Amino acid sequence: DAGITQSPRYKITETGRQVTLMCHQTWSHSYMFWYRQDLGHGLRLIYYSAAADITDKGEVPDGYVVSRSKTENFPLTLESATRSQTSVYFCASSANRDRGRFFGPGTRLTVL
Amino acid sequence: SQKIEQNSEALNIQEGKTATLTCNYTNYSPAYLQWYRQDPGRGPVFLLLIRENEKEKRKERLKVTFDTTLKQSLFHITASQPADSATYLCALPHAGNMLTFGGGTRLMVKP
């Protein structure tokens, strides 16, 4: 199916474990983004990528690592999960930086 | 500091009326502004982009205005329907590639 997909949709993990959230888009969009959404904070940008092998920090990058070896994939890794990283994570893509973002369905992550 | 303000209280209106949502911002000089819709449990959906040199933009029943002097955007839904019930987010660019979102306003359209 065309579009942007995220996996898993739900994940429960424990403090200190490494977790990787996957994001895949079929539009060949140059830009990809990771956001987290929390009550009281809204959507906040974690990392973004302007093209394959180019990534940059957003507003809240600490504790997260990203890579982009292929245009269509943009995985987000929590190297050592903490309870404060319990959140809903959205991946998004766009053709250009000043175009609308197309969001995936989200991953609900719970860190116990 | 930069700030985007949307009314955090839900807006309740009757079906058929026009809904008007407000997005105010400070310490931004955005080249454009975007509006999104978000339904519970789902990702935001891009609706409209309006540029700084555009005063108004329309798409079907949606109308967006952008006043860079007042630092405000208004989002109107005419002939509102219960299916329009959702949270609406405005977003502004900053620092090149980043897009910052407001907290959103929840719209409830009652039949």
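Residues numbered from 1 in each chain as written. Chains lettered and ligands numbered in written order. Predicted model: local features only at pLDDT ≥ 70, side-chain atom pairs only at ≥ 80, totals over all residues. Heavy atoms only, no water.

Chemist: Before we move on, could you go through the pattern of salt bridges and cite the residues and values that matter?
Modeler: Pairing between side chains becomes possible if they bear opposite charge and their charged atoms approach one another. All names here are of chain A. Enumeration over the complete set of coordinates arrives at nine salt bridges over all chains. A salt bridge links Glu14 to Arg17; the nearest nitrogen and oxygen atoms lie 3.5 Å apart. We classify Arg17 as partly exposed; its relative accessible area is 49%. Note that Arg44 is salt-bridged to Asp38, the shortest N-O span being 3.0 Å. Across this residue pair, the class does not change: Arg44 and Asp38 are buried. One salt-bridge network, held together by shared partners, links Arg36, Asp38 and Arg44. (Salt bridge = Lys/Arg side-chain N within 4 Å of Asp/Glu carboxyl O. Buried < 20%, exposed > 50% of the residue type's maximum accessible area, 1.4 Å probe, protein only.)

Chemist: Describe the nonpolar core, with residues and values.
Modeler: Residue and element names in this part refer to chain B. The biggest cluster of nonpolar side chains holds 23 residues, and the ones touching the most others in it are Leu33, Trp35, Phe75 and Tyr88. At the level of elements, strand E3 (19-26), strand E4 (32-38), strand E5 (45-51), strand E7 (62-67), strand E8 (72-77), strand E9 (86-94) and strand E11 (105-110) are the ones that each hand at least two residues to this core. Those residues in contact with Leu33, other than ones at most four positions away along the chain, are Cys23, Tyr25, Leu48, Leu49, Ile50, Phe66, Ser73, Cys90, Ala91 and Leu92. (Core = buried A, V, L, I, M, F, W, Y, C linked by side-chain atoms within 4.5 Å. Helix = DSSP H or I, 4+ residues; strand = E, 2+ residues; numbered from the N terminus. Contact = heavy atoms within 4.5 Å.)

Chemist: Give a description of the layout of surface pockets that names residues and reports values.
Modeler: Estimates place the volume of the largest pocket at around 770 Å³. Every residue lining the largest pocket is counted, 30 residues in all, and those nearest its centre are A:Gln37, A:Asp38, A:Leu39, A:Phe90 and B:Gln38. Breaking the lining of the largest pocket down by element, the ones donating at least two residues are strand E4 (31-38), strand E5 (42-51) and strand E9 (87-94) of chain A together with E9 and E11 of chain B. Looking at the lining of the largest pocket, its residues break down into 11 nonpolar, 11 polar and eight charged. (1 Å grid on protein atoms, 1.4 Å probe; cavity = no way out; pocket = protein on both sides within 12 Å on 5 of 7 lines; lining within 4 Å. Points joined across faces, edges and corners; volume = space filled by probe spheres on them. Nonpolar A, V, L, I, M, F, W, Y, C, P; charged D, E, K, R; others polar.)

Chemist: Tell me about the state of the cysteines, and name the residues and values.
Modeler: All names here are of chain B. For the structure shown, the criterion picks out two disulfides over all chains. The partner cysteine of Cys23 in its disulfide is Cys90, sulfur to sulfur 2.0 Å. Between Cys23 and Cys90 the sulfur-sulfur dihedral comes to about 70 degrees; the bridge is accordingly right-handed. You can see Cys23 sitting in strand E3 and its partner Cys90 sitting in strand E9, a full 67 residues away along the chain. (Disulfide = S-S within 2.5 Å.)

Chemist: Before we move on, could you go through the sheet that holds E3(B) and cite the residues and values that matter?
Modeler: All names here are of chain B. Pairing in this open sheet of five strands is antiparallel, and the strands run E1-E3-E8-E7-E6 from one edge to the other. Where the open sheet ends on each side, the last strands, each with one partner, are strand E1 (3-6) and strand E6 (56-59). Looking at each pair of strands side by side, their axes are set apart by 15 degrees on average, direction ignored. Bridge count between E1 and E3: four bridges; the pairing is antiparallel. Bridging across to E3, Lys3 finds its partner in Thr26. (Pairing = 2+ DSSP bridges. Axes fitted to C-alpha atoms, helices over the stretch in contact; angles between N-to-C directions.)

Chemist: Account for the interface of chain B and chain A, with residues named and values stated.
Modeler: Accessible area lost when the parts come together is the quantity often used to give the size of an interface. Counting residues at the interface gives 18 residues for chain B, matched by 20 residues for chain A. For the pair chain B and chain A, the two sides together bury roughly 1,600 Å², of which 53% comes from carbon and sulfur. Between chain B and chain A we count one salt bridge in total. B:Arg51 is paired through a salt bridge with A:Asp98; the nearest N and O atoms lie 3.6 Å apart. (Buried area = accessible area lost by both parts, 1.4 Å probe.)

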